[in-house]
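Next come the chains, spelled out residue by residue.
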Amino acid sequence: MLNVTPIPAFHDNYLWLFQASGTRQCGIVDPGDAEPVLRYLADNELELGMIFITHHHGDHTGGIGRLLQEFDVPVYGPHSANIPAITHPLAEDDTVNALGETFRVLEIPGHTLDHIAYFAEGNPPLLFCGDTLFAGGCGRVFEGTHRMMHGSLQKLAALPPDTMVYCAHEYTLANLAFAHAVTPDSTLLADRIAREKARREQDIPTVPTTIRVELETNPFLRCAESDIIAAAHGQSGSKVSAPDEVFGVIRSWKDSF
Ligand SMILES: [Zn+2]
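These lines cover the structure that appears in this document, whether it is placed above or below. (Residues numbered from 1 in each chain as written. Predicted model: local features only at pLDDT ≥ 70, side-chain atom pairs only at ≥ 80, totals over all residues. Heavy atoms only, no water.)

1. Things to note about the side chain of lysine 254
Basically, it comes down to this: What counts as a helix is a DSSP run of H or I of at least four residues, what counts as a strand is a run of E of at least two, and both are numbered from the N terminus. Relative accessibility thresholds used throughout: buried, under 20% of the residue-type maximum; exposed, over 50%; partly exposed, between the two (1.4 Å probe, protein chains only). Only four residue types enter the tally: Lys and Arg on the positive side, Asp and Glu on the negative side; His and the chain ends are excluded. One side-chain nitrogen of Lys or Arg within 4 Å of one carboxyl oxygen of Asp or Glu is enough to make a salt bridge.
Residue position: lysine 254 is located in helix H9 (residues 243–255). Look at lysine 254: it is buried, it has no salt bridge, and the nearest opposite charge is aspartate 255 at 6.8 Å.

Printed below as a string of structure tokens:
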């Protein structure tokens, strides 16, 4: 079983460190900044064994070079000309054995074209999904299409409901404020907003979340549900019903929210 710890970086990033219980070996996901990682490793007498990368953005990759100066470790990540440091390029359904867990690779383009996620069927299952699925929201569609991003989110939505979802930013309260604008009558959402606000007031991360919670309250995973379709109608002023079109309307709405 892996212990997963957030290392806060920049303004609102989480760099996820995973460690097999009872060992000093660990891995790091998306080290945008090396310094907080090196500090954590030194403070806890840990040894870095591997780096996982989800996509090419600098706040996910900027610390790789510095970490490699200290630790000669494999760097797993997508086939991407934008990330020359990757030593083990990965594609859909590839597996990575790391610290006793087997991670399966999911290609989830949309935020960037090279975006991948890492899923392990542990107990509970866990997912490192970078900037694609967020607690209460999803990443901006910078490089792909709305249809592509919707397909990627649907792939994540089909994972086991108890999957622990480790996304890369603390954006939850802003995401939920938008979700409330989309589905103002949802009591599940109102309950979640109260719960997550209480966490943030105590400076507790709202991540990880679970697929179950996201299926209940995240509008971007619910584009085939009648309340989201109705909200998309209201926003666009025209009839949209295909889930990827509904997604496009909701995502564009969030871009200017
Ligand atoms: Zn990104």
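2. Points about the packing of helix H4 (residues 146–157) against H9
The cut-off we apply is this: Axes here refer to lines fitted to C-alpha atoms; in helices the fit is confined to the stretch in contact. Angles between the N-to-C directions go from 0 to 180 degrees. Between 65 and 115 degrees an angle is taken as roughly perpendicular, under 35 as roughly parallel, over 145 as roughly antiparallel, and anywhere else as oblique. Note on contacts: a residue pair is in contact if any heavy atoms of the two residues lie within 4.5 Å. Note on residue categories: nonpolar means Ala, Val, Leu, Ile, Met, Phe, Trp, Tyr, Cys or Pro, charged means Asp, Glu, Lys or Arg, and polar means any other residue, Gly included.
Across the interface, H4 lies against H9 with an axial gap of 9 Å and an inter-helix angle of 105°. On the basis of the axis angle, H4 is roughly perpendicular to H9. Residues His146, Arg147, Met149, His150 and Leu153 of H4 pack against Pro243, Asp244, Phe247, Gly248, Arg251 and Ser252 of H9. The class makeup of the residues in the contact of H4 with H9 is four nonpolar, four polar and three charged.

3. Describing the sheet that holds strand S13 (residues 164–167)
What counts is decided by this rule: A pair of strands is labelled paired if DSSP reports no fewer than 2 bridges between them.
Within the open sheet, the six strands sit side by side as S7-S8-S9-S10-S13-S14. Their pairing is mixed. This sheet does not close on itself; its edge strands, each paired only once, are strand S7 (95–98) and strand S14 (209–210). Strand direction decides the pairing type here: S13 and S14, joined by two bridges, are antiparallel. Along S14, the bridge assignment pairs valine 165 with threonine 209. Where H4 meets the sheet, it contacts strand S8 (101–107), strand S9 (116–120) and strand S10 (126–130), and its direction lies at approximately 155° from that of S8.

4. Considerations on the pattern of salt bridges
Tallying each qualifying case throughout the model produces 15 salt bridges. Where glutamate 214 meets arginine 192, a salt bridge forms, and the shortest distance between an N and an O atom there is 2.7 Å. You can see glutamate 214 sitting in helix H7 (residues 211–217) and its partner arginine 192 sitting in helix H6 (residues 187–201), a full 22 residues away along the chain. Exposure class is identical for glutamate 214 and arginine 192. Each is buried. With a shortest N-O distance of 3.9 Å, arginine 222 and glutamate 225 are connected by a salt bridge. Residue arginine 222 is classed as buried on the basis of its relative accessible area of 12%. One salt-bridge network, in which partners are shared between bridges, spans Arg192, Glu196, Arg199 and Glu214.

5. Remarks on the pairing of strand S2 (residues 13–20)
Where burial is concerned, most of S2 is hidden: eight out of the eight residues are buried. Here S2 shows two buried faces, one formed by Asn13, Leu15, Leu17 and Gln19 and the other by Tyr14, Trp16, Phe18 and Ala20. Relative to S2, strand S1 (residues 2–9) is paired through eight bridges, and the arrangement is antiparallel. When the sheet's bridge partners are listed, valine 4 is paired in S2 with phenylalanine 18. Sheet topology note: the S2/strand S3 (residues 25–29) ladder contains four bridges and is antiparallel.

6. As for the sheet that holds strand S4 (residues 47–52)
Here we have six strands laid out as an open sheet, ordered S1-S2-S3-S4-S5-S6, and mixed in their pairing. On the outer flanks of this sheet lie S1 and strand S6 (88–90), each paired with one strand and no other. Taking the axes of each pair of neighbouring strands and ignoring which way they run, one obtains an average angle of 25° across the sheet. Running at roughly 135° to S1, helix H1 (residues 35–43) makes contact with S1, S2, S3 and S4 of the sheet.

7. Focus on the state of the cysteines
Applied cut-off: Counting rule for disulfides: a pair of cysteine sulfur atoms within 2.5 Å.
Within the structure shown, the criterion is met by zero disulfides. Cysteine cysteine 223 remains unbridged, with the sulfur of cysteine 138 as its closest cysteine sulfur at 8.4 Å. A residue is classified by how much of its surface remains accessible, and cysteine 223, at 1% relative accessible area, is buried.

8. Points about the packing of aromatic side chains
Geometry of an aromatic ring pair is reported as the spacing of the ring centres plus the angle between the planes. The cut-off we apply is this: Stacked, edge-to-face and tilted are the three classes for Phe, Tyr and Trp ring pairs, Trp counted by its six-membered ring, which pair at centre distances within 6.5 Å; planes under 30 degrees apart are stacked, over 60 edge-to-face, the rest tilted.
Overall, the coordinates contain 15 aromatic pairs when judged by the stated rule. Seen in terms of ring centroids, phenylalanine 18 and phenylalanine 52 are 5.1 Å apart; in terms of plane orientation they differ by 45°. Their pairing is tilted. Taken together, the residues span a long stretch of sequence, with phenylalanine 18 in strand S2 and phenylalanine 52 in strand S4 at a distance of 34 residues. What makes phenylalanine 18 buried here is its relative accessible area of 0%. Between phenylalanine 103 and phenylalanine 128 the ring centres are 5.9 Å apart and the planes differ by 25°, which places this aromatic pair in the stacked class. Taken as a pair, phenylalanine 103 in strand S8 and phenylalanine 128 in strand S10 lie far apart in primary sequence, 25 residues in all. Across the pair, phenylalanine 128 and phenylalanine 103 agree in class, each one buried.

Scope: geometric values only; no functional claims are made or implied.
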